Structure formats: C-alpha cells, structure tokens
Amino acid sequence: MPKIHFANPPLIELITELRWNKPNSSTSPFSGAGIPVFAQPADSEESMMRFGGEVYNKGFQNIERLIPPNFPSFAGQVAIRFKRQDHSEKPVLYQVGPGIFTANATAPYKTWDDFSPIVRDGVVALLKTRSADEQEEPFSSISVRYIDAFDDRFLDGKSSSEFISETLGFEINLPPALNEITEKGKFPMPFLRLEMPISNGMYMMLSVGEGIVIDKKSVILDTTVITTSPTSAEIDSVMERLLSARNIIHDVFIKISHKLHNKMKQEAAQ
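Bear in mind the structure is a predicted one, so any value in this text is a computation, not a measurement.

Calculation notes
- Residues numbered from 1 in each chain as written.
- Predicted model: local features only at pLDDT ≥ 70, side-chain atom pairs only at ≥ 80, totals over all residues.
- Heavy atoms only, no water.
- 1 Å grid on protein atoms, 1.4 Å probe; cavity = no way out; pocket = protein on both sides within 12 Å on 5 of 7 lines; lining within 4 Å.
- Points joined across faces, edges and corners; volume = space filled by probe spheres on them.
- Helix = DSSP H or I, 4+ residues; strand = E, 2+ residues; numbered from the N terminus.
- Pairing = 2+ DSSP bridges.
- Buried < 20%, exposed > 50% of the residue type's maximum accessible area, 1.4 Å probe, protein only.
- Core = buried A, V, L, I, M, F, W, Y, C linked by side-chain atoms within 4.5 Å.
- Contact = heavy atoms within 4.5 Å.
- Nonpolar A, V, L, I, M, F, W, Y, C, P; charged D, E, K, R; others polar.

> Please set out the layout of surface pockets residue by residue, giving values where relevant.
The calculated volume of the largest pocket comes to roughly 550 Å³. Contributing to the lining of the largest pocket are 26 residues, with Pro-91, Thr-106, Ala-107, Pro-108 and Tyr-109 lying nearest its centre. Those elements giving two or more residues to the lining of the largest pocket turn out to be strand E2 (11-19), strand E6 (100-106), helix H2 (112-129) and strand E10 (216-227). Considered as a void within the structure, the second largest pocket measures approximately 170 Å³ in volume. Every residue along the wall of the second largest pocket is listed here: Ile-15, Glu-17, Ser-143, Arg-145, Arg-193, Met-205, Ser-207, Asp-222, Thr-224 and Ile-226. Broken down by element, the lining of the second largest pocket gets its largest block of residues, 3 residues, from E10.

> Residues and numbers for the pairing of strand E9 (residues 202-213), please.
In this sheet, E9 lies alongside strand E8 (residues 191-198) in antiparallel orientation, the contact comprising 8 bridges. The residue bridging Glu-195 from the neighbouring strand is Met-205, located in E9. Where E8 folds back on E9, the antiparallel hairpin that results is connected by 3 residues, among which Asn-200 adopts a positive phi of roughly 60°. Pairing analysis gives 12 bridges linking E9 to E10, with the strands arranged antiparallel. Bridging from a neighbouring strand, Glu-210 pairs with Val-219 of E10.

> So what about the environment of Val-55? Which residues, and what values?
Note on placement: Val-55 falls in helix H1 (residues 41-56). Residue classification places Val-55 among the buried positions, given a relative accessible area of 1%.

> I'd like a description of the nonpolar core, backed by residues and values.
If you look at the biggest cluster of nonpolar residues, it comprises 59 residues, and the most contacted ones within it are Leu-14, Phe-51, Tyr-94, Phe-101, Phe-115 and Phe-150. If one sorts the elements of this core by residue count, helix H6 (residues 235-256) sits on top with 10 residues. With residues up to four places along the chain from it excluded, the contact list for Phe-101 reads Thr-16, Glu-17, Leu-18, Trp-20, Phe-51, Tyr-94, Gln-95, Val-96, Gly-122, Val-123 and Leu-126.

> I'd like to hear about empty space enclosed by the protein, residue by residue, with values.
Taken as a whole, this structure holds 3 cavities of 30 Å³ or more when the rule is applied. Estimates place the volume of the largest cavity at around 320 Å³. Forming the walls of the largest cavity are 20 residues, and the residues nearest its centre are Phe-6, Tyr-109, Tyr-146, His-250 and Phe-253. Within the residue set of the lining of the largest cavity, elements represented by two or more residues are strand E1 (5-6), strand E7 (141-150), E10 and H6. Broken down by element, the residue count for the lining of the largest cavity peaks at 6 residues, all from H6. When the residues that make up the lining of the largest cavity are grouped by side-chain class, the tally is 13 nonpolar, 4 polar and 3 charged. Within this model, the second largest cavity holds a volume of roughly 120 Å³. Along the wall of the second largest cavity there are 15 residues; nearest its centre are Trp-20, Ser-47, Met-48, Gly-97 and Leu-126. Of all elements in the fold, only H1, strand E5 (92-97) and H2 reach the threshold of two or more residues within the lining of the second largest cavity. The leading source of residues in the lining of the second largest cavity is H1, at 4 residues.

Just geometry here; none of it tells us what the structure is for.
Dropping the structure here:
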C-alpha cells in the first residue's frame, strides 16, 4: 500500500516496546505461585544509568523517575522516563526498566519515517548498555501500539455506537432480549475487543469503544501488534519487526477509516 499521511490525525500516542527476560526471572510480574518477581535493583540501576548517558547526547536530558533509585521493582516495570528539553515541540520519550524499553510519540505525531530514527537510536543505546549477562538475550516480545481518539471533529453528531458501526465498520447487533429493554431513542455504550493471530508470527489486539479524552467524549481505537516468537538482539532484526508491525496497523487503519480521510486531511506522501 502506498504511503498515506494526514494533517489532522486522531492519534493520541504511538508506543514501541521491547521486552526481554531478566536472568533468573520472567517479564511477567508474578511467579507461578502468585509471588511478585523482582529484578536485581543494583544491576538494573547501572544499566539504566548507562542508557541515560547514551541518550543524553541525543537530547534526552530530562529524567523522570517512576521508581526510586535502587528500589526493588517488578521485571517488566518501567522505572525511568527520558524526555527532550524541547519535549513540547518534539513530544517523544524513552522509558526503561528491568526487562523493558519503550519509545513513545504523542500528538502532534507526523510520520513513522520521522519517528523511526528516534526509535532506532533508543534501541542502539539499549543494546550498548544492557548488563553483560543480558547482551545476547533475545527480545521475548516486540510490539507497536497506536491509540487513536475520534472526538466531535470526527463523530459528526453520531453516537459512539453509530460511529463504530457505520463509520468504522464494526457492526454491532444486539440480541432481541437486549433490544427489548433498551430505552427508545437511546444507544448502548459499546466496547469491542478482538484478539487474533496474524501473519509473520504476530498477534493483533484491537479494542474500540467510548471514552473520555481531555474532557471530550471520544471513540477510542487501541491497536497493538506484538511478536509471538523471540527476536535476536540485533538492531536490524528489531527494526524489521517494528516496521512490519507498524505497517500492519497502518494498513488496517487506512482501510477502516476510509470514510474519514477527508476529515483527517489526507496529504500526499513526501
């Protein structure tokens, strides 16, 4: 599919995420016995500080701690967030923790071509700074997640149920027993969640429903594509997986939002 850009996209946030197994632990926060699995704080702290040093030179000089230094944390739990000094103008950030890395972009997001070099820089920094016993550890999962919010700019007076069904194409048919008790002229508040295996050993999770974003009623579309097999700790392998996941979400979004392209102000690809 050719590249399609929008000047008025509904995107709230784009999240790319890498997870890997910490030595002698799991990325799951609970063990089989239901006991929380903690990472080794000293080892994780050193790795995260090395990562911070690498991305500092890329302009990510604002540090926000979500967990105090050397405080025990769950494997797979974000501990530190790194932002640019000019974050309001370039709203991108990195997050790291034991067994997890994310690169995030928020509105006004432009294109994947603009964002992917930032993701690549972050992954390169991560690969350089993971602890010695993690250097060859493959990534257990790689995912891309898009969160979109369709507010009154897009709803055009429709209820959430009508918009989800008529505009996005997720038809919602209630059984007669529920239609009988629904107040006349009112619409149920819908929430749909789908999980499906897709090609290339990946998995898609999609949810769509009514929500509130910045005090505005919106229809929120949350789409994630995640790998189901390990990926080697090599930059090209990681970026190839991320691009593949992004392309799947992009193509699906373009098709289900085709009735909104004029409202989103489609632009010619550069």
